[in-house]
There are 2 protein chains.
Amino acid sequence: MVRPSPVLKITLRILCGEEIAMGPGKADLLDAIVREGSISAAGRALGMSYRRTWLLVDVMNRCWDGPLVETSMGGKVGGGARVTALGQAVLAQYRALQDAAAGVKEGVAWAELHARLRGQPLASQQEGREAG
Amino acid sequence: MVRPSPVLKITLRILCGEEIAMGPGKADLLDAIVREGSISAAGRALGMSYRRTWLLVDVMNRCWDGPLVETSMGGKVGGGARVTALGQAVLAQYRALQDAAAGVKEGVAWAELHARLRGQPLASQQEGREAG
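Not measured: the values here are computed from a predicted model.

Caption draft 1: A look at the overall build of chain A. The secondary structure content of chain A amounts to six helices and four strands. The order of α-helices and β-strands along chain A, N terminus first, is β-β-α-α-α-β-β-α-α-α. Counting the 132 residues in chain A, one finds 42% classified as buried. Sequence separation of at least 24 residues holds for 55% of the intrachain contacts in chain A that already meet a minimum separation of 6. Within the structure as shown, chain A displays about 7,200 Å² of accessible surface, and the carbon and sulfur contribution to it stands at 52%.

Caption draft 2: Molecular detail of the environment of Glu19(A). Positionally, Glu19(A) belongs in strand β2 (residues 19–22). Spatially, the C-alpha atoms of Glu19(A) and Pro121(A) are 35 Å apart, while their sequence positions differ by 102 residues. What Glu19(A) contacts, discounting residues up to four positions off in sequence, is Ile14(A), Val59(A), Arg62(A), Cys63(A) and Pro121(B).

Caption draft 3: Quick peek at the confidence of the model for chain A. The share of residues in chain A with pLDDT of 70 or more is 86%, and the mean pLDDT across the chain is 90. This model gives residues 128–132 of chain A a pLDDT under 50, and the stretch forms three contacts once residues within four places in sequence are excluded.

Caption draft 4: Local environment of the sheet that holds strand β1 (residues 7–16) of chain A. With antiparallel pairing, the four strands of this open sheet are ordered in space as β2(A)-β1(A)-β1(B)-β2(B). Pairing within the sheet leaves two strands with one partner each, and these edge strands are β2 of chain A together with β2 (19–22) of chain B. Across the sheet, the axes of successive neighbouring strands diverge by a mean angle of 55°, strand direction being ignored. Pairing geometry for β1(A) and strand β1 (residues 7–16) of chain B, over nine bridges, is antiparallel. Bridging across to β1(B), Ile10(A) finds its partner in Leu12(B).

Caption draft 5: Region of the structure containing the pairing of β1(A). As paired elements, β1(A) and β2(A) share three bridges and run antiparallel to each other. The residue of β2(A) that forms the bridge with Ile14(A) is Met22(A).

Caption draft 6: A look at the pattern of salt bridges. Per the stated rule, a full pass over the model turns up twelve salt bridges over all chains. The partner of Glu70(B) in a salt bridge is Arg82(B), and the shortest N-O contact between them spans 3.3 Å. A residue pair is termed long-range when its members are at least 10 positions apart, and Glu70(B) in strand β3 (residues 69–72) and Arg82(B) in strand β4 (residues 80–83) qualify at twelve residues. Residue classification places Arg82(B) among the partly exposed residues on the basis of a relative accessible area of 46%. In the salt-bridge network here, residues are joined through shared partners; they are Glu19(A), Asp58(A) and Arg62(A).

Caption draft 7: Region of the structure containing helix α1 (residues 24–36) of chain A. Residue and element names in this part refer to chain A. Compared with an ideal rise of 1.5 Å per residue, which puts 13 residues at 18 Å, α1 spans 18 Å between its outermost C-alpha atoms and is within 8% of the ideal. Buried within α1 are the following residues: Lys26, Ala27, Leu29, Leu30, Ala32 and Ile33. On the buried face of α1, the contacting elements are β2, α2 (39–45), α3 (50–63), β3 (69–72), β4 (80–83) and α4 (85–102). Within two residues after α1, glycine 37 carries a phi angle of roughly 75°, on the positive side.

Caption draft 8: Molecular detail of the relation of the copies chain A and chain B. Mapping chain A onto chain B is achieved by rotating through 180° and translating by 0.0 Å along the same axis, at an RMSD of 0.0 Å. Such values leave the two copies arranged in the relation of a two-fold axis. In this assembly the copies share their binding face: 100% of the residues contributing to the interface of chain A also contribute to that of chain B.

Caption draft 9: A look at the packing of helix α1 (residues 24–36) of chain B against helix α4 (residues 85–102) of chain B. Residue and element names in this part refer to chain B. Following both chains from N to C, one finds α1 and α4 inclined at 130°, their axes separated by 10 Å at the closest point. The orientation of α1 relative to α4 falls into the category oblique. Crossing handedness for the pair α1 and α4: left-handed. Every residue of α4 that contacts α1 at Pro24, Ala27, Asp28, Leu30 and Asp31 is listed here: Gly87, Leu91, Tyr94 and Arg95. In terms of residue class, the contact of α1 with α4 is built from five nonpolar, one polar and three charged.

Caption draft 10: Structural view of the packing of α1(B) against helix α3 (residues 50–63) of chain B. All names here are of chain B. Where α1 meets α3, the axes come as close as 11 Å, and the angle between the chain directions of the two elements is 105°. Judged by the inter-axis angle, α1 sits roughly perpendicular to α3. Contacts from Lys26, Leu29, Leu30 and Ile33 of α1 reach α3 at Thr53, Leu56, Val57, Val59 and Met60. Grouping the amino acids of the contact of α1 with α3 by side-chain chemistry returns seven nonpolar, one polar and one charged.

Analysis parameters
Residues numbered from 1 in each chain as written. Chains lettered and ligands numbered in written order. Predicted model: local features only at pLDDT ≥ 70, side-chain atom pairs only at ≥ 80, totals over all residues. Heavy atoms only, no water. Helix = DSSP H or I, 4+ residues; strand = E, 2+ residues; numbered from the N terminus. Buried < 20%, exposed > 50% of the residue type's maximum accessible area, 1.4 Å probe, protein only. Contact = heavy atoms within 4.5 Å. Areas by Shrake-Rupley, 256 points an atom, 1.4 Å probe, with all protein chains shown as cover. pLDDT = per-residue confidence, 0-100. Pairing = 2+ DSSP bridges. Axes fitted to C-alpha atoms, helices over the stretch in contact; angles between N-to-C directions. Salt bridge = Lys/Arg side-chain N within 4 Å of Asp/Glu carboxyl O. Expected span 1.5 Å × (residues − 1). Least-squares fit on C-alpha atoms with pLDDT ≥ 70 in both. Parallel < 35°, antiparallel > 145°, perpendicular 65-115°, else oblique. Left-handed = near helix turned anticlockwise from the far one by under 90°. Nonpolar A, V, L, I, M, F, W, Y, C, P; charged D, E, K, R; others polar.

Structure representation (C-alpha cells):
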C-alpha cells in the first residue's frame, strides 16, 4: 500500500494595490509564453480561456515598471508575443523567491510537523455526514 | 497621496492526502478556540458558519497523530472546547514555519522585485473592457 507523504505547499503572491502582480499562475503563463511564442497558444497550453489569459497579461503589464509581455502584430497569424527583459528578470526573481521560501522544508519546524502528520486522514465520523 | 507599498503574501498549506491539515484559516481557528473556549463561539468570532467551523475542526482532527481540538459535553450550554497539547504544538510549529518563510522578505530577490513594482497598477486599457 502506497503511503503518500504529507506535503507542504507554499504560495507566493505579490500584490500591487488590489491586483496580483505575480503569483504561481502568472509565472507559469510567462514560462508558457516563452515556450509558445504567443499569448493565445500559451493560454491553450495551460487550459485557460483566451479572455482569462489576456486579463492575466494585462494585469502583469500594469503592475510593474514596464510591460512584462510585448506583442507584435506583424508576421504570423494572430501575432506573436515575447517576454521582455524585465519580464524575464521578474520571473527569475520570483522563482528565486519560491526557492528561498521552500528552504523552510529543511528546518526543524517542518520536520516536527511532518513527524506528527498521518500519511492519509482518518475517515470522517462527523454527524453532519448522516445529517446531510 | 498615500502610495501603498507592494506586498508579498506567503501562504503555507500542509496537505494530508486530499485534505488541508493546516493552513491560514485553520491556524486562525485554533487561535480563536483558545480565546473563546468553544468551537461555535470561535466560528462566530471569525464570521464562519457553524457547519464550516465544525468541518475545519473535523479535518484537523483526522489529519494528525491525535486530535488538535477536544470538546467536553458537560457543564456549559453548548459544551466547551479546548486545543490539545498536540494542537498547541502544531499551531506553534506552523507559526514558526510562517515566520521562517517570511524571512525571504529580507533577501535580494524580494528587494529587486519590490524596486520594480508600481505602488498602484496603471489603469486597464484593455479592449475587453469596452467589449464587456
